[in-house]
Amino acid sequence: LEYIPVEEIEENPYQPREYVLEETHANLKASIQQYGVIVPIIVNRKRSGYVLVAGQRRLQAARELGFVNIPAIVRTLNTKQMMEVSYLENLHREDLSKVDVALMFDRISTKCKGVDEATLAEAMGLKVDVLHHARELAELPVPACEALRAGMINEDHAKIVAEIDDPDVMLEVIEMIYNEKLGVEEAREVVARIMKKEPSYVTSDMSV
């Protein structure tokens, strides 16, 4: 464990998390401003400086607050180990999207030649069927998939809005779901109206 200069830390090239929600980040930043960085980040030592392995949000907050140094666990890892540690550290956090889990797993699997999917999944503490489900989510239309990764909508929302053919309309519905905090059934009703899929009602008056 060392205190290292913030300016000497490079971004993690294998970062599984691409999104940081503004509200969550603001809360973390306020906590760090008051108490400092309580949980050290993890970095990989290189010839000049360090590469971030885990702790993207803590490092970002420290930079924004003008911290000169940050507590860090300094490791010496090869590429495969670095990807695995980064993956596992994020996997243990509940807010990492399943899409990111699948994408990160696939990145690691390309580095582990000759290791079958089931063996690698077991080593990562994953179930293959969960991984396959995550890949299905990754194949959703880009607006739905990216909104799911960003935490704007949940899986059920993503599958519902994916039925919309127009990407621009899909984005508008996603923003509506996020801003108005629509439930799944409410979102389904909105999409049904847009797709003109309202159920046709059968009247008892057969003469009509």
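Note that this is a predicted model, so its numbers are computed, not measured.

(A) Helix α2 (residues 56-64), seen in detail. Taken together, the buried positions of α2 are occupied by Gln-56, Arg-57, Arg-58, Leu-59, Ala-61 and Ala-62. In the segment just after α2, Gly-66 is the residue with positive phi, at about 80°.

(B) Fine view of the confidence of the model for the protein. This prediction gives the protein a mean pLDDT of 83; 86% of its residues lie at or above 70. Looking over the protein, one finds the lowest element-wise mean pLDDT in helix α3 (residues 79-91), namely 74, and the highest in helix α8 (residues 155-161), namely 95. In the predicted structure, residues 198-208 sits below a pLDDT of 50 and forms three contacts with residues beyond four places in sequence or in another chain.

(C) Structural view of the pattern of salt bridges. Inspection of every chain in the model, using the stated rule, returns 10 salt bridges. Lys-46 is paired through a salt bridge with Glu-10; the nearest N and O atoms lie 2.7 Å apart. In this pair, Lys-46 sits in the loop between β3 (41-45) and β4 (50-54) while Glu-10 sits in strand β2 (residues 9-10), placing the two residues 36 residues apart along the sequence. Note on Glu-10: relative accessible area 38%, which makes it partly exposed.

(D) Quick look at the side chain of His-157. Mapped onto the secondary structure, His-157 falls in helix α8. For His-157, a relative accessible area of 7% corresponds to the buried category. Residues contacting His-157, with those up to four places away along its chain left out, are Ile-177, Leu-182, Gly-183, Val-184 and Ala-187.

(E) Just the sheet that holds strand β1 (residues 2-5), in detail. Strand order in the open sheet formed by five strands is β1-β5-β3-β4-β2, with mixed pairing between adjacent strands. Bordering the open sheet on either side are β1 and β2, each of which pairs with just one other strand. Sheet topology places β3 next to β4; four bridges connect them, and they run antiparallel. Pairing of Ile-42 across the sheet is with Ala-54, part of β4.

Thresholds, definitions, all that
Residues take numbers from 1 onward in each chain, read along the sequence in its written order. Given that the model is predicted, a residue must reach a pLDDT of at least 70 before its local features are reported, and side-chain atom pairs must reach 80 or more before they are shown or counted; all residues, however, enter totals for whole chains, interfaces and linings. Only hydrogens and water are removed before side-chain values are computed, so all heavy atoms of the structure are retained for them. Between buried and exposed lies partly exposed: a residue is buried under 20% and exposed over 50% of the maximum accessible area for its type, with that area taken using a 1.4 Å probe on protein chains only. Starting at the N terminus, helices and strands are each numbered in turn, a helix being any DSSP run of H or I of at least four residues and a strand any DSSP run of E of at least two. Scored from 0 to 100, pLDDT reflects the predictor's confidence in each residue. Only heavy atoms enter the contact rule, under which two residues are in contact if any of them lie within 4.5 Å. Throughout this description, the term salt bridge denotes a Lys or Arg side-chain nitrogen within 4 Å of a carboxyl oxygen of Asp or Glu. For two strands to be treated as a pair, DSSP must find no fewer than two bridges joining them.

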